[in-house]
Structure formats: structure tokens, C-alpha cells
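Okay, here's what each chain looks like letter by letter:
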Amino acid sequence: MAKIVHDDVLCEAHGVCTTIDPSRFELDDDDRLHIHDHEVSDADRPTVEQAVIRCPRQALSIRE
Ligand code: SF4
């Protein structure tokens, strides 16, 4: 199954992804991003793709 890859170095905690999919992406009090589920099902894919496309730092990608 496809998986989300997150680059900690690129991420600047803009929080766009947490707005798009708050059940999957969460920023903690130290502005570190936590991904609750890395696996991307076909049903979830459109939402995750939006997070990837709209991340202003290109810190998210999907690995097949
Ligand atoms: S949108 Fe991008 S930069 Fe912002 S928290 Fe998510 S992964 Fe990090």
C-alpha cells in the first residue's frame, strides 16, 4: 500500500496538512508534525494528495 513520507527538515509547521486532514496530521505543542497513519488507502488518497499538493514546503510525498 502507498505510504506518506514526511521530511522533517523541510517542514515548517505551516499546518496546511492538519487543516486538510486533521484525523491524520497533527502538530504538537513544539510544532512537530505527527502522522497518525502513514498508509494511504485508495479511499483516502484524494485527501492525502491535496495535503501533498498544498504543503507550502513540499515536505510531504506519497511513496508507492
Ligand atoms: S503543510 Fe507541510 S510544512 Fe505545513 S505542517 Fe504540513 S508537512 Fe509541514
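Structure: above.
Let us look at the structure shown here.

Procedures and definitions
All residue numbers here refer to positions counted from 1 along the written sequence of the relevant chain. A pLDDT threshold of at least 70 governs which residues receive local features in this predicted model, and a stricter bar of 80 or more applies before side-chain atom pairs are shown or counted, although totals over entire chains, interfaces and linings include all residues. Calculation of side-chain values draws on the structure's entire complement of heavy atoms; hydrogens and water are dropped beforehand. Nearness of a residue to a molecule or strand requires only that one of the residue's heavy atoms be within 4 Å of it. All amino acids are sorted into three groups, where Ala, Val, Leu, Ile, Met, Phe, Trp, Tyr, Cys and Pro are nonpolar, Asp, Glu, Lys and Arg are charged, and the leftover types, Gly among them, are polar. A carboxyl oxygen of Asp or Glu within 4 Å of a side-chain nitrogen of Lys or Arg is what we treat as a salt bridge. Numbering of helices and strands runs from the N terminus, with a helix taken as a DSSP run of H or I at least four residues long and a strand as a DSSP run of E at least two residues long. The method works on a 1 Å grid over the protein atoms by themselves. A cavity is a set of points holding a 1.4 Å probe that cannot get out, a pocket is an open set with protein on both sides within 12 Å along at least five of seven lines, and residues with an atom within 4 Å of a point line them. Grid points are joined across faces, edges and corners, and a volume is the space filled by probe spheres set on the points.

The local shell around the ligand holds 14 residues, among which Cys 11, His 14, Gly 15, Cys 17 and Cys 55 are the closest. A breakdown of the residues in the shell around the ligand according to their chemical character gives 9 nonpolar, 3 polar and 2 charged.

Our focus in this paragraph is the pattern of salt bridges. Counted according to the given criterion, the structure contains 7 salt bridges. Linking Lys 3 and Glu 39 is a salt bridge whose minimum nitrogen-to-oxygen distance equals 3.3 Å. Taken together, the positions of Lys 3 in strand β1 (residues 2–6) and Glu 39 in strand β4 (residues 39–40) put the pair 36 residues apart, joining distant regions of the chain. It is possible to trace a salt-bridge network through shared partners that takes in Asp 21, Arg 24 and Asp 44.

Moving on to empty space enclosed by the protein. The final tally for this structure, using the stated rule, is 1 cavity of 30 Å³ or more. Considering only enclosed or pocket space, the largest cavity measures out at about 100 Å³ in volume. Across the lining of the largest cavity, the residue classes break down as 10 nonpolar, 3 polar and 2 charged.

Here we take up unusual backbone geometry. The phi dihedral of Asp 31 falls on the positive side, at around 65 degrees, and the residue is not glycine. Mapped onto the elements of the fold, Asp 31 is located in the loop between β2 (25–27) and β3 (33–35). With phi around 50 degrees, Gln 58 is a residue other than glycine that occupies positive phi space. Mapped onto the elements, Gln 58 comes out in the loop between α2 (45–54) and β5 (60–63).

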